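Spelled out from the first residue to the last, the chains are:
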Amino acid sequence: METEVYPGFPTDVQAQWMVLMCLLNGNARIEENIFENRFMHVSELQRFGADITIDGKVVNIKGVEKFSGAPVMVSDLRAGAALILAGLVAEGKTVVSRIYHLDREYDMIEKKFKKIGADIRRIHNR
């Protein structure tokens, strides 16, 4: 898959698409043609067990059977959405920090996921 300007594949969906590609059999390739440095979420997905390598503006993905829960940090809005999706399908507990990136655009995102059956909650640090 390659990101492109409209009507091509949107760069804003690239991180979420990467989560899906990580959990499928076989290999996948994503080429980011719109923005530089749009792969900051890769290292966080690797914490879940994703098999991803970065080569310039391309990521190469080898599908894994499952993700394992992990502590992860959000670097931007789109990456945050992808990390929540990864955490929801991971086995075990995932803690997502720096969610203020998500709060800018997604009002009470955890409540929306709960409505569709997700086991998710917001933890307030004191």
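Below is a summary of the structure that appears in this document. (Residues numbered from 1 in each chain as written. Predicted model: local features only at pLDDT ≥ 70, side-chain atom pairs only at ≥ 80, totals over all residues. Heavy atoms only, no water.)

## So, the overall build of the chain
Selection criterion: Helix and strand assignments follow DSSP, with helices taken as H or I runs no shorter than four residues and strands as E runs no shorter than two, numbered in order from the N terminus. Atoms counted for the radius of gyration: C-alpha only. Globule rule: 2.2 Å times residue count to the power 0.38. Three labels apply to residues, based on accessible area from a 1.4 Å probe with only protein chains included: buried if under 20% of the type maximum, exposed if over 50%, partly exposed otherwise in between.
Looking only at helices and strands, the chain features five helices and five strands. Taken from the N to the C terminus, the helices and strands of the chain come in the order α-β-α-β-β-β-α-β-α-α. Taking 2.2 N^0.38 as the reference for a compact globule, 126 residues should give roughly 14 Å; the C-alpha atoms of the chain span a radius of gyration of 14 Å, in line with that estimate. Taking the principal axes of the C-alpha coordinates as reference, the chain spans close to 40 × 30 × 25 Å. Per-residue burial for the chain yields a buried fraction of 38% across its 126 residues.

## Some words on the nonpolar core
For soluble globular proteins, the rule of thumb is that nonpolar side chains tend to be buried together. Where we set the bar: In plain words, nonpolar cores are sets of buried Ala, Val, Leu, Ile, Met, Phe, Trp, Tyr and Cys residues tied together by side-chain atoms within 4.5 Å. Contact between two residues is taken to exist if any of their heavy atoms lie within 4.5 Å; hydrogens are not considered.
Ranked by internal contacts, the top residues of the largest apolar core, which has 31 residues, are Met18, Leu45, Phe48, Ile52, Val59, Ile61 and Phe67. Of all elements in the fold, only helix 1 (14-22), strand 1 (27-31), helix 2 (42-48), strand 3 (58-62), helix 3 (77-89) and helix 5 (109-115) reach the threshold of two or more residues within this core. Once you skip the residues sitting within four places of it in the chain, Leu45 turns out to touch Met18, Val19, Ala50, Ile52, Leu83 and Ala86.

## Some remarks on the pattern of salt bridges
Quick reminder of the rule: The salt bridge definition used is simple: a Lys or Arg side-chain nitrogen within 4 Å of an Asp or Glu carboxyl oxygen.
If you walk through the whole model with that rule in mind, you get eight salt bridges. Two residues, Asp103 and Arg122, come together in a salt bridge whose shortest N-O distance is 2.9 Å. You can see Asp103 sitting in helix 4 (residues 100-103) and its partner Arg122 sitting in the segment after helix 5, a full 19 residues away along the chain. Overall, the relative accessible area of 36% leaves Asp103 in the partly exposed class. Here the residues in one salt-bridge network are Asp12, Arg38 and Arg78, joined through shared partners.

## What to know about a positive patch on the surface
Applicable threshold: Residues form patches when they are more than 30% accessible in relative terms and have no salt bridge. Like charges link within 9 Å. Nonpolar side chains (Val, Leu, Ile, Met, Phe, Trp, Tyr) link within 5 Å. Residue exposure ignores everything except the shown protein chains as possible cover, and the areas themselves are Shrake-Rupley values with a 1.4 Å probe. We score Asp and Glu as negative and Lys and Arg as positive, and we do not count His or the chain ends. To locate a charge, the coordinates of NZ of Lys, CZ of Arg, CG of Asp or CD of Glu are taken.
On the surface, a cluster of positive charge is contributed by Lys93, Lys111, Lys112, Lys114, Lys115 and Arg121. Owing to a relative accessible area of 45%, Lys114 belongs among the partly exposed residues under this scheme.

## Let's talk about the side chain of Glu44
Going by this rule: Any N or O atom pair separated by 3.5 Å or less is treated as a polar contact, with the protein-specific requirement of one donor-capable and one acceptor-capable atom, and with residues adjacent in sequence counted only for side-chain atom pairs.
Note that Glu44 resides in helix 2. Of the residues examined, Glu44 reaches a relative accessible area of 10% and is grouped as buried. Separated by 2.8 Å, the side chain of Glu44 and the backbone nitrogen of Met73 make a polar contact. Those residues in contact with Glu44 that sit more than four places away from it in its chain are Pro71, Val72, Met73 and Leu83.

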